[in-house]
Amino acid sequence: IANRFPQHGHYIPQRFADNRIISSKYTIWNFIPKNLFEQFRRIANFYFLIIFLVQLMIDTPTSPVTSGLPLFFVITVTAIKQGYEDWLRHKADNEVNGAPVLVVRSGSLVQTRSKNIRVGDIVRVAKDETFPADLVLLSSDRAEGTCHITTASLDGETNLKTHFAVPETAVSQSVSRLETLQAVVECQQPEADLYRFFCSLIRPLGPENLLLRGARLKNTKEIFGVAVYTGMESKMALNYKCKSQKRSAVEKSMNTFLIIYLGILLFEAILSTILKYTWQAEAKWDEPFYNEKSETAGKKGNILKFISDFLAFLVLYNFIIPISLYVTVEMQKFLGSFFIGWDLDLYHEESDQRAQVNTSDLNEELGQVEYVFTDKTGTLTENEMQFRECSINGIKYQEINGKLVPEGMTEDTPDSSAPHLSREEELFLKAVSLCHTVQISYDQPDGLGDPFSHANGFTSQMEYYASSPDEKALLEATKRMGVTFTGISGENMEVKTFGKSEKYKLLHVLEFDPNRRRMSVILQNPSGERVLFTKGAESAVLPYAKSGEIEKTRVHVDEFALKGLRTLVVAYRLFSTEEYKEVARRLHEARTALQQREERLADTFSFIEKDLEVLGATGVEDKLQEKVQETIEALRLAGIKVWVLTGDKHETAVSVSLSCGHFHRTMNILELVQQKTDHECAEQLQHCTHHHPLNHRAVVKCTKQGFAAKIREDHVIQHGLVVDGASLSLALREHEKLFMEVCKNCSAVLCCRMAPLQKAKVVRLLKTSPEKPITLAIGDGANDVSMIQEAHVGIGIMGKEGRQAVRNSDYAIARFRFLAKLLLVHGHFYYIRIATLVQYFFYKNVCFITPQFLYQFFCLFSQQTLYDSVYLTLYNICFTSLPILVYSLFEQLVHPHVLHNKPALYRDISRNAILSFKTFLYWTTLGFCHAFIFFFGSYILMGEDTTSLLLSLQMFGNWTFGTLVFTVMVITVTLKLALETHFWTWMNHFVTWGSIAFYFIFSLFYGGIIWPFLHTQDMYFVFVQLLSSGSAWFAIVLIVVSCLFPDVVKKVFYRHLQPTSTQKSQVG
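Think of each chain on its own: its residues are numbered from 1, step by step along the sequence as written. In keeping with the predicted nature of the model, local features appear solely for residues at pLDDT of at least 70, side-chain atom pairs appear and are counted solely at 80 or more, and the whole-chain, interface and lining totals rest on all residues. Neither water nor hydrogens contribute to the side-chain values; these are computed over all heavy atoms in the structure.

1. Notes on the overall build of the chain
Argument step 1. Think of it this way: any DSSP run of H or I at least four residues long counts as a helix, any run of E at least two long counts as a strand, and we number them from the N terminus. Counting its secondary structure elements, the chain contains 36 helices and 36 strands.
Argument step 2. Between buried and exposed lies partly exposed: a residue is buried under 20% and exposed over 50% of the maximum accessible area for its type, with that area taken using a 1.4 Å probe on protein chains only. In the chain, which comprises 1068 residues, the share counted as buried stands at 52%.
Argument step 3. Taking the intrachain contacts of the chain between residues at least 6 apart in sequence as the baseline, contacts between residues at least 24 apart amount to 74%.
Argument step 4. For the chain, the accessible area works out to roughly 49,400 Å², and carbon and sulfur atoms hold 59% of it. Working rule for contacts: check all heavy atoms of both residues, and any pair within 4.5 Å makes them a contact. Here the Shrake-Rupley method, with its probe set to 1.4 Å, supplies the accessible areas, and only the displayed protein chains count as covering residues.

See the structure below:
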């Protein structure tokens, strides 16, 4: 501690990690090599690099600049985007690493930066600050040496947790006393589990002594702690799940198409090379006399010559692979993602939160979703609990105006009369207000405040901090009914019943755990009796009860659950002196055991929590978010299946599913719950059922015959399936296929009592099933993170359970209802835009290169290029790039309102419909047809009778011919996109007509001036001459019209004869 090591060289200090957090990918030194390596892993970039190197090495028809420049442009733009994103990460890291902290050094507090904390430093943290490293708590300003922290940023729990100082150091509350402390901390190696920690400092310590980096100090003025894990070794840093790169379906299709085009390219190059040699085999077609072979060329091996010819053709045709496609797609995704943030329909006024995009790579995936997995608490519901009813001693009560009123009675007592509770009611309310782990915060109002605020015995600012919203709601309810919990001082819990204070001595807390599903406290009441209060799920409390109104309570609990309330059962037990001694001894033994501590504690707890007397049950309502029902219905109409995955109990989950429209009243609900063995589970899944009506819906309790057959018989009825966590793990262990078959035939599935990793497992199961559907997961808490990262698209809800889900998601929205707009409108648009963008890119490059291939038949395969190299370079960069970029940002096939109101239109684009092989073939064929028309049209109209064309009797040369083909091509390709555009903005007009105009102006300048830096100027005055001929103008118009006219006719016919539902709604 404090890095005071024993002297005389007996101890060599270990090297520990420093306290820097690094979330960035690059540093200044490795940015260029690392980024280049990542970029050249892309097929297209690597391919262009090879072509560029080939051009440098052998004598090729086009200059290396033609492929070097676009490649350089693409690499630079991508590097700038990735560099900028990484710079933002560096900036965030520097803020964290540079935060000021106070450290004890040589007897005084020294302010330093967070990154300078070393293992062993004593750090002081004040109220509301976050811990800068993982600290073992040495002392706090509270007398009992405890402090309260909240870990919302780590695991999403907003409650206060109590942590304890090492008892021996708890008295060292000043810097001078800490300075005299000499001790050694021994702890385990760093590990990611937030809840496991073993170390020894004078005595063995556990997780309750460790303050984690990222947690925040509450309700405690200051604490001192010694740093044990720093920087990237802290538990928070070890929990950063390295986000795997998610790739969209469109990107995968794009790569498939690229490989097909590579095939076309190789085919053209090999064909040209073979034809060249076939032709040259005839003596008369061999090299002409003015091009005599030199001695060396004659001796050069045939194989080498063949290879160099093949490479030359490869270079000549390489533009069929569109390199700028990747850059346009990157820009489209990056710029397009701003629309989600700007959309005011996705803005939530109350919390002032707009939608945010964390990954722009998946925009189009939003248009492909087939399964939505949603959490329940906080995603479908508000996570705001309100006390509704309770059952005490077998009688149901409701709360009316802050009073407990038995069901069926109205409030008949006037307010003035003294409130009165029966013994059972009072005992029940006391049990509820004592059996919990709630902290109280007294925030003093600023200034003098209200002089009467203490008259009631507690300040107006008293606030409960609870580990679950249920506990808080219950305590606030008992407070309204006259039994108020006013806090813990030392080991006394204080309760006021109508202003009369009572103190209970807190002896033991039996903490809640998910396996027991209950928690208990053992207290000594004012009359000296030892009493146990227990509360928990009814399945965890009622089986251990021996007296009280057990059956009535069970009926009431089921009734509450059917209304969608969250239920808890409350019970108690009195101990005799002997019983209590035994209990205390066993607890002490279990708690101090070094081996198998958890198992021994579990045994002891079950020994204590038995022979209970039931007091009653509570029902708390979790309000549904608004428009949840409409959203789920819209998703269902869009052909998306909704699964709800929740940690809640079965009855509550089913009732919420019914109230939010996930299950319909008419649905046939199949239940696969509480299965004990594999065998039972399989039978349940296989065979068939008998109905029994309950609350107007058929809940199917299956006998020996089960679901699969049932579904096959009445496939008219819609089915819903309910599974719980335990049965699910059985079903997945042996009968995965059968389970999947049942699930796919159910229109709604509800999984309850799910552990976080089980949620991710279910998502993975569907993701990897044979159909490979696109999945989307949406949740708000840290327990949803694994599912959000597993699904193709992860959406975080900015809810009450911390920001963990939002941080790990691809998109974040404030409310569940925004999901409909995000998928049905934004998803639809993004998908249509990018799908057209990809197809159009391949089309325009086929148009571009095929004439080059056809030209080889007319120039004896001498690798003569048809276009000037400047045109080759600028075709994809300048002349045809902007219209498609603007189209892919603004295109709207249908008005957004129509898409929102007719969810069924979403089905038109499902399963990657627009990028199917059929449409890809259509665009490619179209490209080849247009290319043939460009080339042979120009050849027929201008090629034969060249002399009469130009009055000045100048010959119509190959450059003029090439320029004519190029001009026709630029105009046709641009107008083809104009035909595809449904939504015209001034930007579209500007770039469409501007591109054509720019081409003409550029060509006049380029050919009209003698440029000193060009070593050859083939194009000098070619363009001016071409345009001075009237027949050239006639040819241009004729060819463009003959290309696009059949296209227009096809569109009109299809619209009238076989309109799709999207086209119908365009008219509507």
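The discussion continues.
2. Quick look at the pairing of strand 12 (residues 222-229)
Argument step 1. Counted residue by residue, strand 12 has 7 buried out of 8 residues, so it is predominantly covered.
Argument step 2. Summarising the sheet, strand 3 (residues 122-126) and strand 12 pair through 5 bridges and their orientation is antiparallel. Each bridged residue has a counterpart across the sheet, and for Arg-124 the counterpart in strand 12 is Phe-224.
Argument step 3. As paired strands, strand 4 (residues 134-140) and strand 12 are joined by 6 bridges and run antiparallel to one another. By the bridge assignment for strand 12, Ser-140 is matched with Ile-223. When DSSP finds two or more bridges between a pair of strands, those strands are recorded as paired.

3. Remarks on the nonpolar core
Nonpolar side chains in soluble globular proteins tend to end up buried together.
Argument step 1. Remark: nonpolar core denotes a set of buried residues (Ala, Val, Leu, Ile, Met, Phe, Trp, Tyr, Cys) joined through side-chain atoms within 4.5 Å. Core analysis: the biggest nonpolar cluster contains 100 residues, and Val-838, Phe-848, Tyr-867, Phe-966 and Met-969 have the highest contact counts within it.
Argument step 2. Sorting elements by how many residues they give to this core places helix 27 (residues 818-856) first, with 19 residues.
Argument step 3. In contact with Phe-966, not counting residues within four places along its chain, are Phe-848, Tyr-867, Tyr-871, Tyr-875, Phe-879 and Tyr-999.

4. Side note on the side chain of Ser-114
Argument step 1. By secondary structure assignment, the location of Ser-114 is in the loop between strand 2 (108-113) and strand 3.
Argument step 2. Here Ser-114 is in contact with Asn-19, Val-96, Asn-97, Ala-99, Val-101, Pro-132 and Arg-213, once residues within four sequence places are set aside.

5. What about the packing of helix 27 against helix 32 (residues 958-980)?
Helix-helix packing is described using two parameters, namely the angle between the two axes and the distance between the axes.
Argument step 1. In the contact formed by helix 27 and helix 32, the axes pass within 11 Å of each other and the chain directions differ by 160 degrees. With respect to helix 32, the axis of helix 27 lies roughly antiparallel. For the element pair helix 27 and helix 32, the recorded crossing hand is right-handed. Only Asn-958, Phe-961, Val-965, Phe-966, Met-969, Thr-972, Val-973, Thr-974, Lys-976 and Leu-977 of helix 32 make contact with helix 27, whose side of the interface consists of Tyr-840, Tyr-843, Lys-844, Cys-847, Phe-848, Pro-851 and Tyr-855. Note on geometry: axes are lines fitted to C-alpha atoms, helical ones only across the stretch in contact, with angles between N-to-C directions running from 0 to 180 degrees. Here is the rule for angles: anything less than 35 degrees is roughly parallel, anything more than 145 is roughly antiparallel, 65 through 115 is roughly perpendicular, and the remaining ranges are oblique. Crossings are classed by handedness, with left-handed meaning an anticlockwise turn of the near helix from the far one by less than a right angle and right-handed meaning a clockwise turn.

6. Examining the sheet that holds strand 5 (residues 146-150)
Argument step 1. Within the open sheet, the 3 strands sit side by side as 6-5-11. Their pairing is antiparallel. Single-partner strands in this sheet number two, and they are strand 6 (160-164) and strand 11 (216-218). Strand-to-strand twist in this sheet, taken as the mean axis angle between neighbours without regard to direction, amounts to 45 degrees.
Argument step 2. Sheet topology places strand 5 next to strand 6; 5 bridges connect them, and they run antiparallel. When the sheet's bridge partners are listed, His-148 is paired in strand 6 with Thr-162.

7. Topic: the side chain of Gln-856
Argument step 1. Locating Gln-856 in the fold gives a position in helix 27.
Argument step 2. Beyond its immediate chain neighbours, meaning those up to four positions away, Gln-856 contacts Phe-313, Leu-316, Tyr-317, Phe-861, Ser-862, Gln-863 and Gln-864.

8. Brief notes about the sheet that holds strand 3
Argument step 1. Pairing is antiparallel in the open sheet, where 6 strands are placed in the order 2-1-3-12-4-10. In this open sheet, the two strands that pair with only one neighbour each are strand 2 and strand 10 (210-211).
Argument step 2. Judged from the 2 bridges that link them, strand 4 and strand 10 form a sheet pairing that is antiparallel. Looking across to strand 10, one finds that Leu-135 is bridged to Leu-211.

9. Points about the UniProt feature "transmembrane region" (unreviewed entry) in the chain
Argument step 1. UniProt positions are given in the numbering used here, feature names are shortened, and annotations may be inferred rather than shown by experiment. UniProt marks residues 40-58, 256-279, 310-329, 822-843, 920-941, 961-979, 991-1014 and 1020-1045 with the feature "transmembrane region" (unreviewed entry), using the numbering shown here.
Argument step 2. Helix makes up 79% of residues 40-58 and strand 0%, whereas the separation of the span's terminal C-alpha atoms amounts to 22 Å.
Argument step 3. When the span residues 1020-1045 is considered, its composition is 85% helix and 0% strand, and the gap between its end C-alpha atoms is 34 Å.

10. As for unusual backbone geometry
Argument step 1. Positioned with a positive phi, Asn-393 is a non-glycine residue whose angle comes to about 55 degrees.
Argument step 2. In this fold, Asn-393 is placed in the loop between strand 15 (381-392) and strand 16 (395-400).

11. Observations regarding the environment of Ala-227
Argument step 1. Mapping Ala-227 onto the fold places it in strand 12.
Argument step 2. A C-alpha to C-alpha distance of 9.1 Å links Ala-227 and Leu-137, two positions 90 residues apart in sequence.
Argument step 3. Look past the residues within four positions of Ala-227 in its chain and what remains in contact with it is Ile-117, Arg-118, Val-119, Gly-120, Asp-121, Ala-133, Asp-134 and Leu-135.

12. A closer look at the packing of aromatic side chains
Argument step 1. Under the pairing criterion, centres of Phe, Tyr and Trp rings, with the six-membered ring standing for Trp, must be within 6.5 Å; the plane angle then separates stacked pairs below 30 degrees from edge-to-face pairs above 60, leaving the rest tilted. Under the definition given, this model contains 56 aromatic pairs.
Argument step 2. Pairing Tyr-277 with Phe-306 gives two aromatic rings, centres 5.7 Å apart and planes at 40 degrees, and the pair type is tilted. Residue Tyr-277 is found in helix 7 (residues 249-281), and its partner Phe-306 is found in helix 9 (residues 302-317); the two are separated by 29 residues along the sequence.
Argument step 3. Summarising the aromatic geometry, the rings of Phe-842 and Phe-920 are spaced 6.1 Å apart at their centres and angled 90 degrees between planes, so their arrangement reads as edge-to-face. A residue pair is termed long-range when its members are at least 10 positions apart, and Phe-842 in helix 27 and Phe-920 in helix 31 (residues 917-943) qualify at 78 residues.
Argument step 4. Exposure remark for Phe-842: the relative accessible area of 1% places this residue in the buried category.
Argument step 5. On the basis of relative accessibility, which here comes to 3%, the residue Phe-920 falls in the buried class.
Argument step 6. Two conditions define a charge sitting above a ring: the NZ of Lys or the CZ of Arg must be within 6 Å of the ring centre, and it must be within 35 degrees of the ring normal. Positioned over the ring face of Tyr-922 is Lys-1050, at 4.6 Å from the centre of the ring.
Argument step 7. Across from the ring centre of Tyr-1054, 4.9 Å away, lies the NZ or CZ of Lys-1050, which sits over that ring.

13. A closer look at the packing of helix 10 (residues 324-336) against helix 29 (residues 881-890)
Argument step 1. The interhelical angle for the contact between helix 10 and helix 29, taken along N-to-C directions, is 35 degrees, at an axis separation of 10 Å. Between helix 10 and helix 29 lies a crossing whose hand is right-handed. From helix 10, Thr-328, Met-331, Gln-332, Leu-335 and Gly-336 reach across to helix 29, where they touch Leu-885, Ser-888 and Leu-889.
Argument step 2. Here the contact of helix 10 with helix 29 is composed, by residue class, of 4 nonpolar, 4 polar and no charged. Following the grouping adopted for this structure description, the nonpolar residues are Ala, Val, Leu, Ile, Met, Phe, Trp, Tyr, Cys and Pro, the charged ones are Asp, Glu, Lys and Arg, and the polar ones are all others, Gly among them.

14. Quick notes on a nonpolar patch on the surface
Argument step 1. Nonpolar side chains (Val, Leu, Ile, Met, Phe, Trp, Tyr) are joined into patches within 5 Å and like charges within 9 Å, using only residues with over 30% relative accessible area and no salt bridge. Each reported salt bridge corresponds to a side-chain nitrogen of Lys or Arg within 4 Å of a carboxyl oxygen of Asp or Glu. A cluster of nonpolar side chains, contributed by Leu-266, Ile-270, Ile-274, Ile-303, Phe-306 and Ile-307, occupies part of the molecular surface with about 530 Å² of accessible area.
Argument step 2. Put simply, the parts of the chain that give the nonpolar patch at least two residues each are helix 7 and helix 9.
Argument step 3. Its place among the elements puts Ile-270 in helix 7.
Argument step 4. For Ile-270, a relative accessible area of 40% translates into the label partly exposed.

15. Some thoughts on the state of the cysteines
Argument step 1. We call a pair of cysteine sulfur atoms a disulfide when they lie within 2.5 Å. Inspection of every chain in the model, using the stated rule, returns 0 disulfides.
Argument step 2. Residue Cys-187 stays outside any disulfide, its sulfur separated by 5.4 Å from that of Cys-199, the closest cysteine.

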